[in-house]
Amino acid sequence: MSRTENDTGSAPPPGDDAAFFGQPRGLLTLSGLEVWERFSFLGMQAILVLYFADTVAHGGMGMDPGNAASVSAAYGTLVYLVSVAGGWLADRILGSYRAVLWGGILIACGHYSMAVPTPTMTWVGLGLISAGTGLLKPNVASMVGKLYRTADERRDAGFALYYMGINIGAFAGPLITGWLGDHKGWHWGFSAAAIGMTFGLIQYVAGRRHLAGRTDAAEYALPPEGMRRAVRLMIVGAVVVAAVAVALALAGWLTMGRFVDVLTYISVIAPVVYFVVMFRSPRVTAEERGRLRPYLVLFIASVAFNFILFQAYSTMMLLAASNAETSILGFEFPASWYASALGAFEVALAPVVAAVWARMGPRQPHASNKIAIGVILGGLSFLLMVIPTSGHSDSTYKMAAWWIVGSYLLLGLGDILLETSGMSATTKLAPQAFASQTMALWFLSLALANGIQAQVVKLYGEVSNPAYFGVNGAIAVAVGIAVIALAPWLRRTMHPVH
């Protein structure tokens, strides 16, 4: 039996072990959930910044492009900050199965709220989606891991299928929501995201018997009294924070701009505190502390790349909507469909990259170099945009669709190189005492990337497009080159990462 059994005896049926392309049947359930979760999340995100920037008369929020991109980035910051807490809640209180279930319910409720055409319900919906994604996202991957024993040779192939599911959702979501948003109205697009998440929840619950540990309590559950105290503190804390926020908003201090700034400060402070705690913890050995130093370099590389990647759904969407052709060979399409190109490239290129690494065997690049190449490709995707945005006397020009598509090709390949190697390095370099919180480290790098983006994108529309994309792209390329320059030191200090 390959899967992890548990103390409650809730192991999947014996015939499940190789029922899905030689993989456990539970992989289909979890991959299906992620298809629909990414469909809803990225489908909504592809039109969110366009909805913010559209005129009120046309059903939008009437924000200027820079503020629209900033608020969209702040939402991403909140999602990944909450994901850190979501991992802890699953470990200590809810258990993975229930954390994912309640997370999915909150996400669906959030999308249904956004389907109601009022600004208030938009903010309520984004809050619910942030909380739900924070519960769901860090715990689905851990449930995939529970389907296999550590030494099971099918594990890597199983995760490859799982990530392919993610990218199928990333491809399909913007196609549906984008068409509805363009032809019927933005809130129709949000409705499609809600229905998609509902489908995901239905198949998740229907397939629950195929999941290892589905009836388990939290893996590292707090004692009963400690759990009651933690729940009380969370409820009181949430009420106090909400009351203070409302009071500050009514007093005119807590504006949207200041809320974005607060999230950026938290995204900067949180990883600093996290690393200080790990470096100073008596439970971290000198050898583990030595491995944290190279991980700091990879953490910065992740921030630099994801700062570019997340703009695929903000500034790049705004650029596509205003300055890119939306027809290919006579076929007209919404600007938000460009976001689907990213998922399509990742679905197509992931098996190619895996085959290349397999063919190269021990001759393949070190993990740090793969990450560095990914960052450089991300920077080049922005530098490419300097060419079609340069040399125009006004802002009414239209670039060919292939410029945006080419940028997403570079970005998608970079994402494959960085995300797979980065996640693997995170799990191997984290100290043993913090092993159960390795996902928190990764999510903090994503939160910081979004937090920085929330400030930088305010310049979009204020400076020229060639300057905006050129400077940001050059910085990412410089970070990637710096990581390559540090490769000899990283190879020496990153054991057991190869």
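None of the values given here were measured: they were computed from a predicted structure.

The rules behind these values
Residues numbered from 1 in each chain as written. Predicted model: local features only at pLDDT ≥ 70, side-chain atom pairs only at ≥ 80, totals over all residues. Heavy atoms only, no water. Helix = DSSP H or I, 4+ residues; strand = E, 2+ residues; numbered from the N terminus. Buried < 20%, exposed > 50% of the residue type's maximum accessible area, 1.4 Å probe, protein only. Contact = heavy atoms within 4.5 Å. Areas by Shrake-Rupley, 256 points an atom, 1.4 Å probe, with all protein chains shown as cover. Axes fitted to C-alpha atoms, helices over the stretch in contact; angles between N-to-C directions. Parallel < 35°, antiparallel > 145°, perpendicular 65-115°, else oblique. Left-handed = near helix turned anticlockwise from the far one by under 90°. Nonpolar A, V, L, I, M, F, W, Y, C, P; charged D, E, K, R; others polar. Expected span 1.5 Å × (residues − 1). Bend = angle between axes of the 7 residues up to and from the residue. Phe/Tyr/Trp six-rings, centres within 6.5 Å; stacked < 30°, edge-to-face > 60°. pLDDT = per-residue confidence, 0-100. Patch = residues over 30% accessible without salt bridge, like charges linked within 9 Å, V, L, I, M, F, W, Y side chains within 5 Å. Salt bridge = Lys/Arg side-chain N within 4 Å of Asp/Glu carboxyl O.

## Side note on the overall build of the protein chain
Working step 1: Counting its regular elements, the protein chain contains 17 helices and two strands.
Working step 2: Looking at the protein chain as a whole, 51% of its 498 residues qualify as buried.
Working step 3: Counting contacts in the protein chain only where the partners sit at least 6 residues apart, residues at least 24 apart contribute 81% of the total.
Working step 4: If you sum the accessible surface of the protein chain, you get close to 21200 Å²; carbon and sulfur atoms cover 69% of it.

## Examining the packing of helix 12 (residues 367-383) against helix 16 (residues 465-485)
Working step 1: It is at 7 Å that the axes of helix 12 and helix 16 come closest, and there the two elements cross at 165 degrees. Regarding the angle of helix 12 to helix 16, the classification is roughly antiparallel. Crossing of helix 12 against helix 16: the hand is left-handed.
Working step 2: Across the contact of helix 12 with helix 16, the residue classes break down as 15 nonpolar, seven polar and no charged.

## Observations concerning helix 4 (residues 119-145)
Working step 1: The terminal C-alpha atoms of helix 4 lie 40 Å apart, and with 27 residues this matches the ideal 39 Å at 1.5 Å per residue to within 8%.
Working step 2: Of all the bends in helix 4, the greatest measures close to 30 degrees and is centred on Asn139.

## A short note on the packing of aromatic side chains
Working step 1: Scanning the entire structure with this criterion turns up 19 aromatic pairs.
Working step 2: Ring centres of Phe333 and Trp337 lie 6.4 Å apart, and the angle between their planes is 15 degrees; this geometry places the pair in the stacked category.
Working step 3: Phe333 gets classed as buried once you look at its relative accessible area, which sits at 10%.

## Observations concerning the confidence of the model for the protein chain
Caution is warranted with low-pLDDT regions, since their predicted coordinates should not be read in detail.
Working step 1: Within the protein chain, residue pLDDT values average 84, and 90% of them lie at 70 or more.
Working step 2: Between residues 1-9, whose pLDDT stays under 50, and residues either more than four places distant or in other chains, the model counts 31 contacts.

## Some details on helix 10 (residues 315-323)
Working step 1: Burial within helix 10 is extensive, with seven of its nine residues counted as buried.
Working step 2: Among all positions in helix 10, only Thr315, Met316, Met317, Leu318, Leu319, Ala320 and Asn323 are buried.

## Focus on the packing of helix 8 (residues 256-280) against helix 9 (residues 286-309)
What describes two packed helices is the angle between their axes and the distance between those same axes.
Working step 1: Two elements in contact, helix 8 and helix 9, have axes whose closest approach is 10 Å; the angle formed by their N-to-C orientations is 165 degrees. Relative to helix 9, the element helix 8 lies roughly antiparallel. Judged by the sense of rotation from one axis to the other, the crossing of helix 8 with helix 9 is left-handed. Contacts between helix 8 and helix 9 pair Pro271, Phe275, Met278 and Phe279 from the former with Arg289, Leu292, Arg293, Tyr295, Leu296 and Phe299 from the latter.
Working step 2: Its residues placed into classes, the contact of helix 8 with helix 9 shows eight nonpolar, no polar and two charged.

## Here's the deal with a nonpolar patch on the surface
Working step 1: Among the surface-exposed residues, Val236, Val240, Val244, Leu248, Trp253, Val262 and Ile266 lie close enough to one another that they form a single nonpolar patch of about 560 Å² accessible area.
Working step 2: Taken together, the elements giving at least two residues each to the nonpolar patch come down to helix 7 (224-250) and helix 8.
Working step 3: When residues of the nonpolar patch are assigned to their parent elements, the largest contribution, four residues, is made by helix 7.
Working step 4: By the element assignment, Val236 lies in helix 7.

## A closer look at the pattern of salt bridges
Working step 1: As enumerated under the stated definition, the model contains six salt bridges in all.
Working step 2: We note a salt bridge from Lys137 to Glu34, for which the minimum N-O separation is 3.2 Å. One end of the pair, Lys137, is in helix 4; the other, Glu34, is in helix 1 (residues 25-53), with 103 residues separating them in the sequence. For the pair Lys137 and Glu34, one class covers both residues: buried.
Working step 3: Linking Arg232 and Glu225 is a salt bridge whose minimum nitrogen-to-oxygen distance equals 3.7 Å.
Working step 4: With a relative accessible area of 38%, Glu225 lands in the partly exposed category.
Working step 5: If you follow the salt bridges from partner to partner, you end up with Glu225, Arg228 and Arg232 in one network.

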